[in-house]
Amino acid sequence: MHKKLFIPGPVEVRPEVLKKMSEPMIGHRSKDASALQRRISDNMRKLFYTESEILLSTTSGSGLMEGAVRSCTAKRAAVFSVGAFGNRWYEMAKYNNVPADLYEAEWGKPTKPELIDEVLSTGKYDLITVTHNETSTGIMNPVDEIAEVMKKYPEVVYCLDTVSSAAGTKIEVDKLGVDICITSTQKAIGLPPGMAICTFSEKARERAEKVPFRGVYLDLLALYKYIQKKDYQYPSTPSLSHMFALDYQLDYILNEEGLENRFARHISMAEVVRAWAEKHFEVFPEKGYWSNTLTNIKNTREIDVAALNKELGARGMQLSNGYGKLKDKTFRIAHMADMQMEDIKELLSNIEDILKL
Ligand SMILES: *Cc1c(COP(=O)(O)O)cnc(C)c1O
């Protein structure tokens, strides 16, 4: 039996989108391939509220995270982490020989704008990374306040991980002053895993020109230059299947559901899950910073999460245990992509039934 996924990626994919993944191939050097990538880029610009160029990568989101820190750090990177994915960004810098320092908040707490200001005022850094929505803790960082701080540091390239939030909550890239905003297909966009997407500002491009060793496959400047030279084509062979599906899904998001409706639906689902969590458990992260796309619930009743998931599995559903060191201490319910309120209510009533709440 298929288990409906309430995990924070991969997510349930609409059958129409899955069908697009199985369409016949086209030549990746054809005019059709150019038109396809151009359409995806134009629509991603709308989704991200940006004028920046859009880069695609046939990797998961991690590929572009690694590419960003390597391609655009000339001096030193400050990595602000609020959990597992922020820490992974630091590892990427370190093992690519990119000078970097890690500033990690206690899990469940946000990246404070004051900390960013303090760190950048040293003048040591020319790139920062921030996690918008930390999937391991359920935190959504205060990016509006961080944007105010970043106005003081126009020379710093600002990279933002929106892997688990893009298309599920409003992210106005240009207004926020983000240079490289990264996401992947398998979370709130609602596609199978296998492709990553990012914005790439003029500032990021100018910086990358000054970085001598950017790698090859994940060199963001190379991706950018190829688009200009070859009319929106990808330098190697991209996952065309993902591009067919992404093109189709972006049209649905923008023109059928509508961005504002989509964001509102995510907030409504989040509100129901948070209220439920507060009634029966507690919400793990600090109040005021709760994610709109997933809720990390503190296991105050000390339930056996694996056993709960097994029972849910028999009923055709799956949620997520806590991540890493939060295993069994928390459990996570994703409310993202094309999931509907009925799905959430069905899950919650089944949990109540199993746990006899
Ligand atoms: C899932 C996730 C990643 C990793 O993305 P992949 O597409 O699996 O490489 C990075 N950051 C966050 C916040 C995520 O949720």
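Residues numbered from 1 in each chain as written. Predicted model: local features only at pLDDT ≥ 70, side-chain atom pairs only at ≥ 80, totals over all residues. Heavy atoms only, no water.

A. Quick look at the overall build of the protein chain. Helix and strand counts for the protein chain stand at 13 helices and 15 strands. Compactness check: the protein chain gives a C-alpha radius of gyration of 20 Å against a globular reference of 21 Å for 357 residues, within 12% of the reference. Along the longest, intermediate and shortest principal axes, the C-alpha atoms of the protein chain span 60 × 55 × 35 Å. By the burial criterion, 61% of the 357 residues in the protein chain qualify as buried. Taking all contacts inside the protein chain whose residues are at least 6 apart in sequence as the whole, residues at least 24 apart take part in 72%. Summing over all exposed atoms, the protein chain offers an accessible surface of approximately 14,500 Å²; the carbon and sulfur share of this is 50%. The average position of the 47 basic charges and that of the 49 acidic charges among the side chains of the protein chain differ by 3 Å. (Helix = DSSP H or I, 4+ residues; strand = E, 2+ residues; numbered from the N terminus. Rg over C-alpha atoms; globule rule 2.2 N^0.38 Å. Buried < 20%, exposed > 50% of the residue type's maximum accessible area, 1.4 Å probe, protein only. Contact = heavy atoms within 4.5 Å. Areas by Shrake-Rupley, 256 points an atom, 1.4 Å probe, with all protein chains shown as cover. Lys, Arg positive; Asp, Glu negative; His and termini not counted. Charge placed at Lys NZ, Arg CZ, Asp CG, Glu CD.)

B. Seen up close, the layout of surface pockets. The calculated volume of the largest pocket comes to roughly 350 Å³. Together, 19 residues line the largest pocket, and His132, Val143, Asp144, Lys170 and Leu176 are the ones closest to its centre. For the lining of the largest pocket, the elements supplying multiple residues, two or more each, are helix 6 (143-150) and helix 7 (173-176). The element contributing the most residues to the lining of the largest pocket is helix 6, with 5 residues. Classifying every residue of the lining of the largest pocket gives 7 nonpolar, 5 polar and 7 charged. Both of domain 1 (4-9 + 259-355) and domain 2 (24-255) provide at least three residues apiece to the lining of the largest pocket. Of the pockets and cavities examined, the second largest pocket occupies roughly 250 Å³. (1 Å grid on protein atoms, 1.4 Å probe; cavity = no way out; pocket = protein on both sides within 12 Å on 5 of 7 lines; lining within 4 Å. Points joined across faces, edges and corners; volume = space filled by probe spheres on them. Nonpolar A, V, L, I, M, F, W, Y, C, P; charged D, E, K, R; others polar. Domains from an automatic or database assignment.)

C. Molecular detail of the UniProt feature "binding site: substrate" (unreviewed entry) in the protein chain. Per the UniProt entry, the sites bearing "binding site: substrate" (unreviewed entry) are Arg332 in this numbering. Tracing the backbone through its elements, the reader meets Arg332 in strand 15 (residues 330-334). With sequence-adjacent residues up to four places away left out, Arg332 is seen in contact with Phe6, Pro8, Thr135, Ser136, Leu294, Thr295, Asn296, Leu319, Ser320, Asn321, Gly322 and Tyr323. (UniProt positions renumbered as here; feature names shortened; annotations may be inferred.)

D. Main features of the packing of aromatic side chains. Considering all chains together, one arrives at 6 aromatic pairs under this definition. On the numbers, 6.2 Å between centres and 85° between planes, the contact of Tyr103 with Tyr125 is edge-to-face. Highlighted residues: Tyr103 in strand 4 (residues 100-104) and Tyr125 in the loop between helix 5 (113-120) and strand 5 (127-131), separated in sequence by 22 residues. Tyr125 sits in the buried class, given a relative accessible area of 3%. Taken together, a centroid distance of 5.7 Å and an interplanar angle of 50° make the contact between Phe200 and Tyr224 tilted. In this pair, Phe200 sits in strand 10 (residues 196-200) while Tyr224 sits in helix 9 (residues 220-229), placing the two residues 24 residues apart along the sequence. Across this residue pair, the class does not change: Phe200 and Tyr224 are buried. In this structure, Arg14 is placed above the aromatic ring of Tyr252, and the distance from its NZ or CZ to the ring centre is 3.6 Å. (Phe/Tyr/Trp six-rings, centres within 6.5 Å; stacked < 30°, edge-to-face > 60°. Lys NZ or Arg CZ within 6 Å of the ring centre and 35° of its normal.)

E. Region of the structure containing the UniProt feature "modified residue: N6-(pyridoxal phosphate)lysine" (unreviewed entry) in the protein chain. UniProt feature "modified residue: N6-(pyridoxal phosphate)lysine" (unreviewed entry): in the numbering of this structure it lies at Lys187. Structurally, the position occupied by Lys187 is in the loop between strand 9 (180-184) and strand 10. The exposure class assigned to Lys187 is buried, which follows from its relative accessible area of 8%. Setting aside residues no more than four positions away along its own chain, Lys187 makes contact with Pro8, Gly9, Val11, Val163, Ser164, Met336 and Ala337.

F. Quick peek at the nonpolar core. Core analysis: the largest hydrophobic core is formed by 49 residues, its most contacted members being Ile116, Ile128 and Tyr158. In contact with Tyr158, not counting residues within four places along its chain, are Ile128, Val130, Val143, Ile146, Met150, Leu176, Gly177, Val178, Asp179 and Ile180. Counting 31 residues, the second-largest nonpolar core is a separate cluster that includes Met92, Cys198, Phe200 and Leu221. (Core = buried A, V, L, I, M, F, W, Y, C linked by side-chain atoms within 4.5 Å.)

G. Examining the sheet that holds strand 9 more closely. Within the open sheet, the 7 strands sit side by side as 2-10-9-8-5-3-4. Their pairing is mixed. Taken across any chain shown, the strands that pair with only one partner, and hence form the sheet edges, are strand 2 (53-57) and strand 4. Geometrically, the sheet is characterised by an average inter-axis angle of 20° between neighbouring strands, direction not taken into account. Direction of pairing for strand 2 relative to strand 10: antiparallel, over a ladder of 5 bridges. Considered in strand 10, the bridge of Ser57 is made with Ala196. Sheet contacts for helix 3 (residues 61-72): strand 2, strand 3 (77-81), strand 5, strand 8 (157-161), strand 9 and strand 10; angle to strand 9, the most-contacted strand, approximately 160°. On top of the sheet, helix 6 reaches strand 5 and strand 8; it is set at about 170° to strand 8, its chief contact. (Pairing = 2+ DSSP bridges. Axes fitted to C-alpha atoms, helices over the stretch in contact; angles between N-to-C directions.)

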